[in-house]
Amino acid sequence: MNTTTPKYHSIKALGILSLVFIAFLSSYAQTGKKASVKGKVIDSQTNAPLGYATIRVLKSTDSSLVSGAITDEKGQFSVEAAYGDYYAVVEFIGYKPLKTTVFALSKEQPSHDVGTLKIAAASKTLDEVVVQAEKSSMELSLDKKIFNVGKDLSNAGGTAIDILSNVPSVSVDTEGNVKLRGSDGVRILIDGKPSGLVSFKGGAGLQQLQGNQIERVEIITNPSARYEAEGMSGIINIVLKKERKQGFNGSFEVVTGFRPNYGIAANINYRKNKLNFFLNYGIAYRIPIGAGKLYQEVRGKDTTAILQQTTNGEVRTVANTIRGGLDYFFDEKNILTASYQFRRTDVLRITNNQYKDYINTLNNLKAITDRQQRETEAEPYSEYALTYKKTYNKKGQELIADVRYLTYWERSDQTFTQNSVFANGSPNTKGNLLQKSLNDEYENQFLVQLDYIQPIGKDGKFETGVRSSFRDMVNDYIVTQRNDQGVFEPLPGLDNYFIYKEKIHGAYGIIGNKTGKVSYQVGLRAEMTDVVTILQETNQRNPRQYSNLFPSAHATYNLNKDNALQVSYSRRVRRPTYNDLSPYVTFSDQRNFFSGNPDLNPEFTNSYDVGHINYFEKGSFTSSIYYRHTTGKVLRIRRVNDLGISNTRPENLATEDAFGAEFTSTYTPIKWWKLDFNFNFFRAITDGQNLDATFKADTYSWFARQTSRFTLAPKTDLQVRANYEAPQQLPQGRRKARAFVDLAFSKEILKGKGTLTFNVVDVFNSRYMRSITEGLNFYTEGTAGMRARQINLTVMYRLNQAAGAKKQKSLISGEEG
């Protein structure tokens, strides 16, 4: 009989987490000649060897840590130490620690064999529940969900925005705007910190980040006071790849696809004693194509103007990304990390719009107008970061200091060519235009943060920290039009220099403890915001200063070893972003303009959540009921004038009350079939009557995502993912339902060192948004984001890395990680 049970495998996999701690053991506390101690670790019941168990060697006199290691696949270990008297401690997640007797290392006895050490499994508690899940699966806790994207077959060859589209609870519209549990106002972080990628373009900026550089995605629906208060509906943290294994290791990836999608990526790591170097590089060339259509009626006194509009285009993108850095281990308790990122994206965008204008009926054509946008963009981005982490002898006590500087700029050069003819084919000279737009955007951001954790008693702790950020952003834009003499003249209202200056200072404190089956933590964060916007040409200055308190509370009750309940509360803010405030008007579409609103105010949310989590033999199940009350709700409002020209910009509505229930599950009915399921049902009551008596909505909606993964043969998988988003009522109309399916296949090759992945994104070409918008004088029905299906073939090669990589654990506690 094979003694390597499934339970053993899941516990063994968790032992890899101990690498994080062993990384600190790269130098010794003593000097002198070295000796060694060796042994083997096995399960006391099955006698199976335990790989990845942690071995710590400590002085017998004061219990100070001298050295350490982890066991290999056979459970064996060998540790070097200077001459002296020591004892060893063996630790493995899910097992009771084992302490050896004191032994001596000396010139006469330079080697000591502790023999075979048998350790016993600990009784399973809800503070340390094992989730037997491969990388790419979900790791569930009550206040955070972690999605390891490494083997999600649908992600191969995609971008960060493609990966987010596949994460439960998250939805992405055709413009790249990200929603969490059906609500916008999501705070997106990269490696736990702000990124210039999302400063100007929001979630759409993540199109520039290649998916093969992402390790995992963390979803925090009700953050504690530890996190900045930004993010009305929660936080999405994208964690990039970085190893700290000894020696040289890495992975290499080649992507080819139709529509054109070509890329090469490398993730390399080298660890030698006190130094750890990491380097990521990727280059990608993509040509996504898209289409859309719009039907609009504008009612006048005597006539109705009807517009039929079609749109198609392509975006030729070349993206280069390099990220490198090093960790320096002063000793096992002090690490300094320095890193640098550089990203440059060059874009050629071609968009074609055709407008057919009718009077009263579709049988009465007035004119046909064709307009083409040709835009070139250059977008370089740099980030410098320095992080220091100190851990103390007392378990859980640590200090982390982080300083980073971000710089970003974008130059956009656009030419618009427009030609028009009347219904009889004669030229419409007034509709013939040649326009140019120059748009330069700049950002500089400086961020400093300090966090400290102090354990209290057995299970308690106190956390505190401070954070300051300084951000300066500029948008220099001008739109010109050729006159009858052939001279380009600025268009009124479209020549300005917009300045955005932001200072945010914050401090927080959290205290938490555990009593019996109850874990709790309460926190308070204070933030002071100083924002000023300036329209230089028109001398319009809009300063804003406000200070706010953001309390949070989390409590967990462990019902039994497999079930727990959690109640949480937090107050959040969504400050207007740069794009929300910038009055610059998009000009590619002559009939539909989009801009920011310099007078926009922040929205504030009180968020409540009650959750349950259950682990069972073949999977896990989490459920939660949530409620959010928002004041100053920000929503984009569309207005259409008598000429049929629309302008859409964000405005503050009075309130929104959102109620919902979410269910997430992983289930393996049989060993070759794994199911992941996510279902979210919500009701949203929006009141915008402060702007217009008709701006109100009471809607019920839901969305669901189900993934099936089949093991067809050893190391061969097939994955099918189905998505459905139900219709939703909005203050100005409604959004129609949409459904789409992704398909993927993968096979391990090259004796487990490589993976071949073939995927089809949006099999039925149905991943587009359909909406109806209505106002006092207009009716608009549109379909946007009609992107053609994408087919990708990806080959990955791993160097000194195991297929499937490390497995993880999920913790259930009253704390956020």
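Residues numbered from 1 in each chain as written. Predicted model: local features only at pLDDT ≥ 70, side-chain atom pairs only at ≥ 80, totals over all residues. Heavy atoms only, no water.

Peer 1: Can you walk me through the pattern of salt bridges in this structure?
Peer 2: Side-chain pairs of opposite charge can arise where the charged atoms are in close proximity. Per the counting criterion, the structure on display carries 27 salt bridges. A single salt-bridge network, built from bridges that share partners, covers E230, R525, E527 and R575. (Salt bridge = Lys/Arg side-chain N within 4 Å of Asp/Glu carboxyl O.)

Peer 1: Help me understand the pairing of strand β31 (residues 603–616) in this model?
Peer 2: The side chains of a regular strand alternate, residue by residue, between the two faces of the sheet. As paired strands, strand β29 (residues 563–574) and β31 are joined by 12 bridges and run antiparallel to one another. Looking at β31, one finds that R572 is bridged to T605. With 13 bridges joining them, β31 and strand β32 (residues 619–631) adopt antiparallel strand pairing. Of the residues in β32, the one forming a bridge with T605 is T630. As consecutive antiparallel partners, β31 and β32 are separated by 2 residues. (Pairing = 2+ DSSP bridges. Helix = DSSP H or I, 4+ residues; strand = E, 2+ residues; numbered from the N terminus.)

Peer 1: Can you walk me through the packing of aromatic side chains in this structure?
Peer 2: The geometry of an aromatic ring pair is captured by two quantities: the separation of the ring centres and the angle between the planes. According to the stated counting rule, one finds 20 aromatic pairs in the structure shown. Ring plane angle 85° and centroid distance 6.4 Å describe the contact between Y392 and Y452, whose orientation is recorded as edge-to-face. Of this pair, Y392 sits in the loop between β22 (365–391) and β23 (398–422) while Y452 sits in strand β24 (residues 433–456); the two residues are 60 residues apart in sequence, bridging distant segments of the chain. Take Y452: its relative accessible area is 22%, and that puts it in the partly exposed class. One aromatic cluster is present, formed by F621, F663, F679, W702 and Y724 through successive ring pairs. When the ring centre of Y87 is taken as origin, the NZ or CZ atom of K99, which lies over that ring, is 4.5 Å away. Residue placement shows R591 over the ring face of Y355; its charged tip is 4.5 Å from the ring centre. (Phe/Tyr/Trp six-rings, centres within 6.5 Å; stacked < 30°, edge-to-face > 60°. Buried < 20%, exposed > 50% of the residue type's maximum accessible area, 1.4 Å probe, protein only. Lys NZ or Arg CZ within 6 Å of the ring centre and 35° of its normal.)

Peer 1: Please explain the nonpolar core as it appears in this structure.
Peer 2: For soluble globular proteins, the rule of thumb is that nonpolar side chains tend to be buried together. Ranked by internal contacts, the top residues of the largest apolar core, which has 21 residues, are V41, V79 and Y86. Contributions of two or more residues to this core are made by β1 (34–43), β2 (54–59), β3 (65–70), β4 (76–82), β5 (84–91), β7 (103–105) and β8 (111–119). Examining the composition of this core, we find that 4 residues originate from one element, β4, more than from any other. The contact partners of V79, leaving out residues within four places of it in the chain, are A35, S36, V37, I55, V57, S67, G68 and A69. Within the second largest apolar cluster, 17 residues are counted, among which are I190, I214, V217 and L240. (Core = buried A, V, L, I, M, F, W, Y, C linked by side-chain atoms within 4.5 Å. Contact = heavy atoms within 4.5 Å.)

Peer 1: Looking at this model, I keep getting lost on the environment of N723. Mind explaining?
Peer 2: Relative to the helices and strands, N723 is located in strand β38 (residues 716–725). Measuring from C-alpha to C-alpha, the distance between N723 and V741 comes to 6.3 Å, with 18 residues separating the pair along the chain. Not counting residues within four places of it along the chain, the set of residues in contact with N723 comprises A704, R705, R738, A739, F740 and D742. A distance of 2.8 Å separates polar atoms of two side chains, one belonging to N723 and the other to R705. (Polar contact = N/O pair within 3.5 Å; in protein donor to acceptor, adjacent residues only side chain to side chain.)

Peer 1: What exactly am I supposed to notice about the sheet that holds strand β30 (residues 592–594) here?
Peer 2: What holds strands together in a sheet is hydrogen bonding between their backbones, with the strands either parallel or antiparallel. Within the open sheet, the 3 strands sit side by side as β30-β34-β33. Their pairing is mixed. Two strands lie at the open edges of the sheet, namely β30 and β33 (634–640), each paired on one side alone. Here the average twist between neighbouring strands, direction ignored, is 30°. Of the pairings in the sheet, the one linking β30 to strand β34 (residues 646–652) comprises 3 bridges and is parallel in character. Across the sheet, the residue bridging to F594 is T648, located in β34. (Axes fitted to C-alpha atoms, helices over the stretch in contact; angles between N-to-C directions.)

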